[in-house]
Amino acid sequence: MKRKGAAGWLAHDVTHRGVTAWALALAILGFYVVLYWGDNAQGINPFDRVAWALHIGRHGQSGAKWTLYGALYTAAVTLGGIAFLRRYGHNRYQVVRTIVVIVVQATLAFSVPLMMKMAGHPEHYFSYLWPLKMYYFEPGFIRSNPAPLVLWSFIGSLVIAPVLAVIYGKRWYCSWVCGCGGLANTAGDSFRHLSDKSEKAWRFERVSIYATLIITVVTTALVLASAFVQGAHPQLDLWSEKFRTNYGLIVSSLLSGIIGVAAYPIGGTRVWCRYFCPMAAVLGLFQRAGRFRIRVKEDQCISCGMCSEHCEMGIDVRAYAQANESFTRASCVGCGMCSEVCPRGVLTLENAHTKAPQEQLVQLRLKK
Amino acid sequence: MSARRIVILGNGVAGATCALDLRARDDRAEITVISDESDYFFSRTALMYALMDKLPRAGLEPYERRVWERQRITRVRGRVTDLDAERKQLTLADGTTRAYDALVIATGARPRALSVPGIERVRSGVTSFVSLSDLDACESLVATSERAVVVGGGLIGVELVECLVHHGVKTTFVVREPWCWPAGLGAEEGAMVADHLRKHGVDLRFERTVASVEPDASGRVSAVTLSSGERVACEMFGVCVGVEPNVAWLRACKSVPEIDGAIVVDDRLRTSIESVWAAGDCAAVRAGTALVHEPIWYTAKRHGAFVARQLSGSSERYTAPVFKNSAKFFELEYTAVGQCDPRAHKSALWTHKSLPIAARLFHDGATLWGFSALGSRWDTTMIGRWVEERRPLDWARARLREAQFDPEFSRMRVETSAEAWR
Ligand SMILES: Cc1cc2nc3c(=O)[nH]c(=O)nc-3n(C[C@H](O)[C@H](O)[C@H](O)COP(=O)(O)OP(=O)(O)OC[C@H]3O[C@@H](n4cnc5c(N)ncnc54)[C@H](O)[C@@H]3O)c2cc1C
Ligand code: SF4
Ligand code: SF4
Ligand code: SF4
C-alpha cells in the first residue's frame, strides 16, 4: 500500500516504477547521452562548461566533464552512503562495508587518479581491474605506464581478485570496492527491490553474463594477438580494432554506464552487474568454487519473502530459505541485505569452514 | 485403476506444503487444493510487510505461480460448506461437489471476535489482521485514519501496531496483561519491548481492556472506551485478541470429525473420520491424554509435509521435534528453543548493559530445557541440539558464544560467567 501524503506518494511512486520513476530514468539517460556524445565540433561538452563554471578543471580544458562526473559520482556515493548508514547503522557488517566503499570511491576511484593527472602522470584507477578495465593487458597501456602500476594490474586481476573471491566470495570486490556496486548500494539503495526475481530472468542472466565474458575475453585476445604479430596480419588488426571500439561503445558506455545507471528506477540497481559485467562473471565462478555461502538456519523461515524482495541480484533467496538449503549463487554480491531484512534472523553470510548440519541432510526436491 | 483423488481443503502453508510434497512423491495422484481466500498460496506471516509497503502483493506468494500448473495441482476457489464422509465428497457454497479418495483438512485459524457494547452498531473501521481481506481493509483504513486503537498484546497485535506507526497513525495499544505477550516474554524482556514500543511513539495501556466502542453518524468507529473509563477517539479499531481453530463450519456438516477446540488427530494426523486427515492451525495432536495445539507457521508446515508422507504410504508416527518459535517486536527479534515456560522451569537471565538485548536459559537446576532471546540472533539448530541432548546448564552457558548468529562484525559480547546470569 502507498504511504500517506504527497511525500508518501512520491516515495512510493519513484520506487515503484511510477511516472516519476520513468521521468528519473529518462533524466539519467539524458545526462549520460549528453555526457558521452554531447561534444560539439570543437570537442567541448555542455558539462565541460558546467565544470568550468564550478572551477573544476582549467577553463577551456576539454575533458573537464569527466572530473565533474567523478565528483558527482563520489558525492552520490557519499551522500547515499550516509543515508544508508542512518537506516542500517545497527548492522556492523553494513556499516563497515559502506564506509569502505565510500572511502575507496573518494580515494582510489576519484582523488588519487585526479592528483596523478594534475601531477602530469597518466591517471590510474587502482580499484579497477581486468576484465572491468579492458585495456590493462594492452601493449599500449603496458608501454606507457611505470612497471609497478602494470604489475599491480596484472597481479590484481589475475591473482588477488580470484584468490580473494575464493576465500571471501565476490563480495570483497562487488560490495566493498567496486564503484558500480558502491553507487548501487548507496545512492541506489531504495531501488534494490526492483530486480526481477523470476526464473526467466535467472535463465537470461546465465546466458547474458557468460556471453559478455566470452566477448570480453575474445576482444582482449584479439588486441593482444594483433599487438603480438605487429602488423604482420592487417586483417587481424582490423578485427581487433573493430572489437575494441564496439566493446568500448556497447559494453563500457552503453551497458555499464547508461543502461546500468539509468535503469535504477526501472530494473533495480544491478542490471549491469547482474546481466553483463564480465568481472562479475569471473568472480562468480571463483565464488562458486570457493568458501563463501549464505547459511540458512534450519526450520526458521516463515516464507515472508523480505529477503527475495531486497535482493538486488534478483536471487529468490526465500526459495532456498524455506527449503532449508544453504547456498552459494554465482551472482550473489554478498551485500548482506537479505540477512539484514530477514525478520527471523534466518540467514547469515559466511566464509564456511565446515558444513552446517542441515546441509548433510538429503533434501526432498520438487521435480522441475 | 484411475488416479487417487486427493483433496486438500485450505491453501495455507499446511495445505500448500502438503500438495507440493505429495506431488514430489506421487506423480499420478489428482491433487486439488480448495480455498475461499485466495487463488494462490500466500504467506500470512508477511501481511505486515505488504501493509507497510515493503512488499508488493505478488511478493506474498512463496512460489512462482506457474509452479502450481507445472506440478499439476488444481486450484479451486470456493467455500466448502459440507463434508459427507459416506459418499466421500465435499459440497461447496455454489452447490458443486468434489469427490475425494483422501481429504486433508487444513482450514487454519480465524480471528476471535470481540464482543463489547457498541460493536454491533459499528459498520466500518473495525478490523482484525489475519486474512487478505483484513489486509485490504487495513490499507484503506490506514489511509483515512489519524488515530487508531489496537486491542490485544499478542504477536499479531504488535505487528499491526508497527504498521500503523510506520504510516504515522497515532496508535493506542491496549493490552490486558502487564506486558506484551507474557506467554513468551518474561517481565524483563516485556519491559524492554514496552520501552522499545514507546520509543516508536506507541501509546501503551497495560492492564486495560476495551469496555465499549462508539460509531459516528456514518457508522465508522469514532471512539473506544477503556476499562479505566478513559475514552480514546479514533477512526480505526484493530482487534487482535487471538485466533481460534477454524472448525465452526465443520459442526454444520453431515459428517463431523471429533473436535475439541480444534480437530483432534492421532499420531498419524488422522481425524476420527476414515480417509480424512487434518493439518496446521485447525488440528490438535493427541499425545497420550494431552492435546498438543501449536498454531504457528513451523508446525503447520511440518504437519503438511507429514501428511504428504502419510498419503504416499509412510506409516511413521508424528513426533514433534524440539519446539522453536520466533517473532519480532518492531526492530527487536525474538527466538525461543525448547521449553520456555516460566511456570514449568527456572530460568537464568542475562541482559546487555546498554542495549535491549536479553537471553534466558531455562533449566531444572542442572540441565538445559530451553533458551529464549530478545534483540539478537542465535543458531537455533545448535541450541536445539543442546536442549535435545539435555546438556548441563553450565556447559551450555559457557558455549553460548559459539551459537551467536548475528551478522559479521555485529556480535555483541555475551557474558558467560555464572554471576552474569541472574
Ligand atoms: C499476521 C500474522 C502473523 C503471523 N506471524 C507468524 C510468525 O511470525 N511465526 C509463526 O510461526 N506463525 C505466525 N502466524 C501464524 C501462522 O500464519 C499460521 O500458523 C499459519 O498460517 C497456519 O497455516 P495453516 O495452513 O494451518 O492455515 P491458514 O494459513 O489459516 O490457511 C487456511 C486456509 O483455508 C481456508 N479455508 C478455511 N475454511 C475454509 C472453507 N470452509 N472452505 C474453503 N477454504 C477454507 C482459509 O480461508 C485459509 O486460506 C501469523 C499469523 C498472522 C495472522
Ligand atoms: S558486478 Fe561488476 S560492476 Fe558490479 S560491482 Fe561487481 S565488478 Fe563492479
Ligand atoms: S543473496 Fe543476499 S547477499 Fe547475495 S546479493 Fe542477494 S541480498 Fe545480497
Ligand atoms: S526474509 Fe527470512 S523469514 Fe522471510 S522468507 Fe527470507 S529467510 Fe524466510
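As the structure is a prediction and not an experimental result, all values here were calculated from the model.

Topic: the site of ligand 1
Surveying the vicinity of ligand 1 reveals 32 residues, the closest of which are Arg344 of chain A together with Asp36, Glu37, Asp281 and Trp297 of chain B. Each of chains A and B places residues next to ligand 1. For ligand 1, an oxygen atom lies 3.1 Å from a polar atom in the backbone of Val13 of chain B. Contacts to ligand 1 include Glu37 of chain B, whose side-chain N or O atom sits 2.6 Å from an oxygen atom. Taken by itself ligand 1 offers 990 Å² of open surface, and the protein chains cover 94% of this. A class-by-class count of the residues in the shell around ligand 1 yields 15 nonpolar, 10 polar and seven charged.

Some remarks on the nonpolar core
Of all hydrophobic cores here, the largest spans 109 residues; its most connected members are Ile105, Phe173 and Phe329 of chain B. The contacts of Phe329 of chain B, once residues within four sequence positions are left out, are Leu155, Val158, Trp181, Leu185, Val193, His196, Tyr334 and Leu374 of chain B. Listed in part, the 60 residues of the second largest apolar core include Val150, Cys307, Ile315 and Phe327 of chain A.

Quick look at the domain arrangement of chain B
Residues and elements named next belong to chain B. One can read the domain layout of chain B as domain 1 (5-110 + 244-311), domain 2 (119-241) and domain 3 (324-420). Opposite the 18 residues of domain 2 that make contact, domain 3 presents 16 residues. Carbon and sulfur atoms supply 72% of the area buried between domain 2 and domain 3, which totals about 1,500 Å² over both sides. When residues of domain 2 are sorted by the area they lose upon contact with domain 3, Glu189, Met192 and His196 head the list and together hold 35% of the total. Taken together, the connections running from domain 2 to domain 3 amount to two salt bridges. Linking domain 2 with domain 3 are six residue pairs in polar contact (both at pLDDT 80 or more), by the criterion used here. Mapped onto the side of domain 2 that touches domain 3, the elements with two or more residues apiece are α5 (155-166) and α6 (187-199). The element that contributes the greatest number of residues to the side of domain 2 that touches domain 3 is α6, accounting for seven residues.

The rules behind these values
- Starting afresh in each chain, residues are numbered from 1 along the sequence in its written order.
- As a convention, the first chain written is A and the first ligand written is 1, with the rest following in written order.
- Where local features are concerned, this predicted model is filtered to residues with pLDDT of at least 70; where side-chain atom pairs are given and counted, the filter is 80 or more; whole-chain, interface and lining totals use all residues.
- Side-chain metrics rest on all non-hydrogen atoms present in the structure, leaving aside hydrogens and water.
- It suffices for a single heavy atom of a residue to lie within 4 Å of a molecule or strand for the residue to be listed as near it.
- Polar contacts, as used here, are pairs of N or O atoms within 3.5 Å; protein pairs need one atom able to donate a hydrogen and one able to accept it. Residues neighboring in sequence count only if both atoms are side-chain atoms.
- Surface accessibility follows the Shrake-Rupley procedure with a 1.4 Å probe radius. Residue values consider only the protein chains on display as shielding.
- Residues were grouped as follows: Ala, Val, Leu, Ile, Met, Phe, Trp, Tyr, Cys and Pro as nonpolar; Asp, Glu, Lys and Arg as charged; and all remaining residues, including Gly, as polar.
- Residue types Ala, Val, Leu, Ile, Met, Phe, Trp, Tyr and Cys, when buried and joined through side-chain atoms within 4.5 Å, form a set referred to as a nonpolar core.
- Only protein chains enter the accessibility calculation, which uses a 1.4 Å probe; a residue whose area is less than 20% of its type maximum is buried, one above 50% is exposed, and one in between is partly exposed.
- By the convention used here, residues are in contact when the closest approach between their heavy atoms is within 4.5 Å.
- Where each domain starts and ends follows an automatic or database-derived domain assignment.
- Throughout, buried area stands for the accessible area (probe radius 1.4 Å) lost by two parts on being put together, summed over both.
- Salt-bridge detection follows one rule: a side-chain nitrogen of Lys or Arg within 4 Å of a carboxyl oxygen of Asp or Glu.
- Where helices and strands are cited, they refer to DSSP runs of H or I of at least four residues and of E of at least two residues respectively, numbered from the N terminus.

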